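Coordinate inspection notes
What follows is each chain in one-letter form.
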Amino acid sequence: MMKKKRLSASKASLVLFLCQMISALDVPLDSKLLEELSQPPTITQQSPKDYIVDPRENIVIQCEAKGKPPPSFSWTRNGTHFDIDKDAQVTMKPNSGTLVINIMNGGKAEAYEGIYQCTARNERGAAISNNIVIRPSRSPLWTKEKLEPHQVREGDSLVLHCRPPVGLPPPIIFWMDNAFQRLPQSERVSQGLNGDLYFSNVQPEDTREDYICYARFNHTQTIQQKQPISVKVFSTKPVTEKQPILLTPTGSTSTKVELRGSVLLLECIAAGLPTPGIHWIKEGGELPANRTFFENFKKTLKIIDVSEADSGNYKCIARNILGSAYHVISVTVKAAPYWITAPRNLVLSPGEDGTLICRANGNPKPNISWLANGVPIAIAPEDPSRKVDGDTIIFSHVQERSSAVYQCNASNEYGYLLANAFVNVLAEPPRILTPANKLYQVIADSPALLDCAYFGSPKPEIEWFKGVKGSILRGNEYVFHDNGTLEIPVAQKDSTGTYTCVARNELGKIQNEVQLEVKDPTMIIKQPEYKVIQRYGQVSFECIIKHDSTLLATVTWLKDNDELPDDERFLVGKDNLTIMNVTDKDDGTYTCIVNTTLDSVSASAVLTVVAAPPTPAIIYARPNPPFDLELTGQLERSVELSWIPGDENNSPITSFVIEYEDGLHEPGVWHYQTEVPGTQTTVQLKLSPYVNYSFRVIAVNEIGRSQPSEPSEQYLTKSANPDENPSNVQGIGSEPDNLVITWEPLKGFQSNGPGLQYKVSWRQKDVDDEWTSVIVANVSKYIVSGTPTFVPYEIKVQALNDLGYAPEPSEVIGHSGEDLPMVAPGNVQVHVINSTLAKVHWDPVPLKTVRGHLQGYKVYYWKVQSLSRRSRRHVEKKILTFRGNKTFGMLPGLEPYSSYKLNVRVVNGKGEGPASPDKVFKTPEGVPSSPSFLKITNPTLDSLTLEWGSPTHPNGVLTSYVLKFQPINNTHELGPLVEIRIPANESSLILKNLNYSTRYKFYFNAQTSVGSGSQITEEAVTIMDEVQPLYPRIRNVTTAAAETYANISWEYEGPDHANFYVEYGVAGTMASRQVDIATQGWFIGLMCAVALLILILLIVCFIRRNKGGKYPVKEKEDAHADPEIQPMKEDDGTFGEYSDAEDHKPLKKGSRTPSDRTVKKEDSDDSLVDYGEGVNGQFNEDGSFIGQYSGKKEKEPAEGNESSEAPSPVNAMNSFV
């Protein structure tokens, strides 16, 4: 006997189209085969049973079907044939049964109301759609009525009736005021399910004249408004407290019928003062957990997904401090038909038997009726192979003519179910779908699966042979699967060869050959070994392999399950890994992995790097792995694990690390579970449901971690509901008409059971919509299409598995997709503050037109032209963004006397809205910039010529230029200031009647009607005589700086009697203005003091000489030797005798000479004036002269405005020597 093995559930589902066959005859999903086989029609898509359409748009009634040959389509309307060819407004899509009724070109939707049914037919049968009821949506206007104002006493109850017009579908009701703001609701004031606004008690603040009820008709996207209702509350003191009475429902009892699977809503609203609280109970039972919700401040009891068990009496109790009132609602749950067993497609071979079963339930119990090809079975053509027995059709000895489509209709007073199921009788000779001579390669001692995919009707018998003329294969060493696959559980080398699959039925026979090659397994015959190596040593791991010669093997080395470091110290050989100059970071686990196309093997070894031991007596190593792992006390959520520690290898075990493997979800992957102290050998472990646990233990000491222990026995925990829901739930629209709901799915072990799915629920926020839910597979995203643009949604995602739901998830708020704003800001106004600053105002756009998150407003502005030049230029638009809901902004940096344009746009997350109309504004005149240049030329004895350029930015109309000037004397004191106004059209001026040989400073600026602009300055000197001046030249300037002074030298060419100015300053600061040092009082006083001291010294020497005392003539001669023969110091060029440190004063801060040799007034008023003669002059920084001791005895006259008769201080000093 051949051993047979059933297909798994996933393979058994590989059936024709609907994948739901209940016969031994399965049709593989082979595309070529499916194109060749005949099949009755199957409805694949149809419109909903109750189809409400928009009367302004074309009506599309869907009907799609498939079959072989392709089906044709026909329609009935209100039970009679609908001839679409006679109605020009109706067309049918090509290769489809979908109808398109053209309403937008003159048709009226009301004319096409009715019940439609589609039939798809081919030579093997006819399938029919549901009855599709077409009704156009209606949004009638509110009937006009005169509403009397409500005058209510404080503390009394009040009901404002809405009574909206009857629409299709019913409208959504909400209350707002004249400003389109929702009226606040609370325990005291709330809206009932019927749309009325209930006041449990009125307060003075309820007085207002704009209580407005709105009805929104979603289908037509229209909102109807009721006339405003006026409420006036008058006060009476004291306010009387009242015990509760029920405003709705009235009386003490009422009844309600609800359908199974829908949402039950029960409401109680009470009047009273203080405001009563509402409490709900179910008489004789508990409110269902996880399905019960309280809304509208507990005034509404909501039970979702109701069933017959929810029938009963529900009591609402209204209570305040004065008493209570109650109402009992008797709820009866009925049920529209629902499937117990829906009929499934049946594929049979000629002569076979089969059944179609149609079982449904409901309350009341539904009636079951059968149709054949859309015709009641009682009047359908006779079929001797068919017998109807209530909810079952029995087929016996079917023939090809028995093919048909059967419809089962289950109906009661609350609805109906209609299901199509075909019977397809096929007579097909055998076909083998596996390619011929397909090669299979396996490793010895592993299973070999040889395919023989087949099809035939009747179902063929499959036989296997080895070799072309071999005998039929039988015996326990083979497994023959129902899908034709031959399994060799343990393939050996002698299993290599040719295998022949033969498929035969009464219509024919076919065979196919496949090849099997069995390869030698790959082995590591010399594995890497555990090594302990001292730092800076060398270590080598071996990995010698053996593999099948026909397979290519590759060897890869890993360190700690990762790639080897990119380090030249790691040398990978053919069968070894060598590490040179080992360091502490090389410590770890090294794995050799050998891969071929058919198998893979690996081996690991641990490298421990240690310091050189002080003595070789003790060897420290990682501990040996624990052993004898045992599981005890197995519970659903916990287990106790115990073990025996391995040898600690001279280093005490500090801890044990417990890891687990989930063989169900992640086989081969080990995860950290917990860590316990090294003195502990048992641990109680917490477990999760639906995990196939294995545990292992790793010992740890100061050297490192041991090898893992052998795994414990496996322990599969029971399944349970999920404990948690997906995280990071978000709702963000990617398009204006959708909502993309995303979440982070649960990991495998978090599923707690098989069949992990997610229930995605959403509803529009603040509109009292029902939750819409869909159950999706284990994915992370769901897209809701057809949403309004940018509206808030409440979103929740709940995990579920085959055992049930996770706890109720929390709700998050998301938004459907944004679209570009619809309107531009209005009433744009510009207020010019000054010539460079303007303020722009605008009205905010209505938030409902923003159609997204309001990010702010953008102001585009640009200069059109300058009003002074009247010339246009390239338009460079500038943009300012104002965040949030601002309605004004400042425009800085404008150019004076210019014409500008601007517009304003609103911005959301999608982009910018339309621009407001361009607004033109002009900036007033401003002060001009400085003239572009000022040149002073043609100096004479008493005149100078000034030339200038107009300002680069006039910033208005120039009215004049203003010239101010004043003389500067040799002491650099400023003389009187003279001001001259010059017409704006002039560009030059000759100044006359000036003093000769005088320096002048000029200040020049332009003016507009606003005021004066910034000025430009310049200095110039009138000449001494009319002779062509000889301009002086200084060259070869050298400097030598010491710690507290500096020497400066230069060569001079030019006229005699010149004054020299040395400008100096600290690097990086402004230099001081040059000053004639010889005219300074402190300098003259210093020179006088020096002369007086020398005179006193001479008198003392003369007195000592007259007393007959010895006088050191040699010293005196040395001290007063001719300066011309004194030696000079080589380092700084000064004369040796007079280079004493006391002769040099420290450099003052800010007195170093800058590199550009300029002196600025604002730093210092000190300067040095050269009194030396000849080509070379040298100065000490403190103002003393090295050159004054050069032996020159005659005085040179000074040049300038000072008296030439005054004796030089230098010569005055020399006269005492």
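Please read all numbers here as calculations on a predicted model, not as lab measurements.

How each quantity is defined
- Residues numbered from 1 in each chain as written.
- Predicted model: local features only at pLDDT ≥ 70, side-chain atom pairs only at ≥ 80, totals over all residues.
- Heavy atoms only, no water.
- Pairing = 2+ DSSP bridges.
- Helix = DSSP H or I, 4+ residues; strand = E, 2+ residues; numbered from the N terminus.
- Axes fitted to C-alpha atoms, helices over the stretch in contact; angles between N-to-C directions.
- pLDDT = per-residue confidence, 0-100.
- Contact = heavy atoms within 4.5 Å.
- Disulfide = S-S within 2.5 Å.
- Buried < 20%, exposed > 50% of the residue type's maximum accessible area, 1.4 Å probe, protein only.
- 1 Å grid on protein atoms, 1.4 Å probe; cavity = no way out; pocket = protein on both sides within 12 Å on 5 of 7 lines; lining within 4 Å.
- Points joined across faces, edges and corners; volume = space filled by probe spheres on them.
- Nonpolar A, V, L, I, M, F, W, Y, C, P; charged D, E, K, R; others polar.
- Core = buried A, V, L, I, M, F, W, Y, C linked by side-chain atoms within 4.5 Å.
- Patch = residues over 30% accessible without salt bridge, like charges linked within 9 Å, V, L, I, M, F, W, Y side chains within 5 Å.
- Areas by Shrake-Rupley, 256 points an atom, 1.4 Å probe, with all protein chains shown as cover.
- Salt bridge = Lys/Arg side-chain N within 4 Å of Asp/Glu carboxyl O.
- Phe/Tyr/Trp six-rings, centres within 6.5 Å; stacked < 30°, edge-to-face > 60°.
- Lys NZ or Arg CZ within 6 Å of the ring centre and 35° of its normal.

**Quick notes on the sheet that holds strand 86 (residues 999-1008)**
Strand order in the open sheet made by the four strands is 84-83-86-87, with antiparallel pairing throughout. For this open sheet the edge positions go to strand 84 (978-983) and strand 87 (1016-1021), each flanked by a neighbour on one side alone. Going across the sheet, the axis of each strand differs from the next one's by a mean of 25°, ignoring polarity. Here strand 83 (residues 958-968) runs beside strand 86; their pairing, made up of ten bridges, is antiparallel. Across the sheet, L958 pairs through a bridge with T1008, a residue of strand 86.

**A short note on the confidence of the model for the protein chain**
Across the protein chain, the average pLDDT comes to 83, with 84% of residues at 70 or higher. Taken as a whole, residues 1-24 scores under 50 in pLDDT and shows 48 contacts with residues more than four places along the chain or in a different chain. Considering only residues more than four positions removed or in separate chains, one finds that residues 1068-1075, a stretch of pLDDT under 50, has 40 contacts.

**Remarks on the state of the cysteines**
In this structure the tally under the stated criterion is six disulfides. Across the disulfide from C162 sits C213; the S-S distance is 1.9 Å. Since a negative S-S torsion denotes a left-handed disulfide, the C162-C213 link at about -70° is left-handed. Taken together, the positions of C162 in the loop between strand 14 (158-160) and strand 15 (172-176) and C213 in strand 18 (residues 208-217) put the pair 51 residues apart, joining distant regions of the chain. Each of the two residues, C162 as well as C213, counts as buried. Each sulfur of the disulfide joining C543 and C592 lies 1.9 Å from the other. Across the disulfide from C543 to C592, rotation about the S-S bond amounts to roughly -65°, and the bridge is consequently left-handed. Of the two residues, C543 is situated in the loop between strand 50 (539-542) and strand 51 (544-546) and C592 in strand 56 (residues 588-595); the sequence distance between them amounts to 49 residues. Since its relative accessible area comes to 1%, C543 is described here as buried.

**So, empty space enclosed by the protein**
Per the counting criterion, the structure on display carries two cavities of 30 Å³ or more. In this structure, the second largest cavity occupies an estimated 30 Å³ of space. Lining of the second largest cavity is provided by E187, S200, C268, I269, A270, P276, I278 and K299. Looking at side-chain class alone, the lining of the second largest cavity contains five nonpolar, one polar and two charged residues.

**Quick notes on the nonpolar core**
Counting 29 residues, the largest nonpolar core has I59, I61, W75, I101 and Y116 as the members making the most contacts within it. Put simply, the parts of the chain that give this core at least two residues each are strand 4 (59-61), strand 5 (63-68), strand 6 (72-77), strand 9 (99-101), strand 10 (114-122) and strand 12 (132-136). When neighbours within four sequence positions are excluded, Y116 is seen to be in contact with I61, W75, T76, R77, F82, I101, N130, N131, I132 and I134. Counting 22 residues, the second-largest nonpolar core is a separate cluster that includes W464, Y478, V514 and V518.

**A closer look at the layout of surface pockets**
Looking at the largest pocket, its volume works out to about 2,100 Å³. Per-element tally for the lining of the largest pocket: the top contributor is helix 3 (residues 847-850), with four residues. Its residues assigned to classes, the lining of the largest pocket shows 23 nonpolar, 15 polar and eleven charged.

**Quick word on a nonpolar patch on the surface**
Where nonpolar side chains cluster on the molecular surface, the patch consists of L1092, L1093, L1095, I1096, I1099, V1100, F1102 and I1103 and spans about 760 Å² of accessible area. Looking at where I1099 falls in the secondary structure, it is placed in helix 4 (residues 1081-1106).

**Some thoughts on the pairing of strand 65 (residues 727-732)**
As defined by bridge partners, strand 65 adjoins strand 66 (residues 738-744) across four bridges and the pair is classed as antiparallel. Residue pairing for strand 66: S727 is matched across the bridge by E744. With antiparallel pairing between neighbouring strands as the criterion, strand 65 and strand 66 make up a hairpin whose turn holds five residues.

**Digging into the packing of aromatic side chains**
In total, this model carries 21 aromatic pairs according to the counting rule given. Judged by centre distance (6.2 Å) and plane angle (65°), the rings of F965 and Y1000 are edge-to-face. A residue pair is termed long-range when its members are at least 10 positions apart, and F965 in strand 83 and Y1000 in strand 86 qualify at 35 residues. Assessed through its relative accessible area of 8%, F965 is described here as buried. With a relative accessible area of 4%, Y1000 lands in the buried category. On the basis of an interplanar angle of 35° and a centroid distance of 5.7 Å, the ring pair of F965 and F1002 is categorised as tilted. Of the two residues, F965 is situated in strand 83 and F1002 in strand 86; the sequence distance between them amounts to 37 residues. Each of the two residues, F965 as well as F1002, counts as buried. Stacked on the ring of F541, the Lys or Arg K531 has its end atom at 5.3 Å from the ring centre.

**Details of the sheet that holds strand 81 (residues 931-937)**
Strands sit in the order 81-82-85 across an open sheet of three strands; the sheet is antiparallel. The strands lining the two open edges of the sheet, one partner per strand, are strand 81 and strand 85 (988-991). Pairwise comparison of adjacent strand axes, ignoring direction, gives a mean angle of 20° for this sheet. Relative to strand 82 (residues 944-951), strand 81 is paired through six bridges, and the arrangement is antiparallel. Across the sheet, the residue bridging to I936 is L946, located in strand 82.

**Some thoughts on the pairing of strand 62 (residues 682-686)**
Look at any regular strand and the pattern is simple: side chains alternate between the two faces of the sheet. Side chains of strand 62 alternate between two faces, with V683 and L685 buried and T682, Q684 and K686 left unburied. In terms of strand pairing, strand 59 (residues 638-644) meets strand 62 through five bridges, oriented antiparallel. Within the sheet, the bridge partner assigned to E640 lies in strand 62 and is Q684.

**Thoughts on the pattern of salt bridges**
Applying the stated criterion across every chain, the model contains 40 salt bridges. Put simply, E529 and K526 hold a salt bridge, and the shortest N to O gap is 4.0 Å. Accessibility expressed as a relative area gives 48% for E529, which makes it partly exposed. The residue D586 makes a salt bridge to R569 at a minimum N-O spacing of 2.9 Å. Of the two residues, D586 is situated in the loop between strand 55 (576-579) and strand 56 and R569 in the loop between strand 53 (562-563) and strand 54 (570-572); the sequence distance between them amounts to 17 residues. D586 gets classed as buried once you look at its relative accessible area, which sits at 2%. Residues joined in a network through salt bridges with shared partners are E295, K302, R763 and E794.

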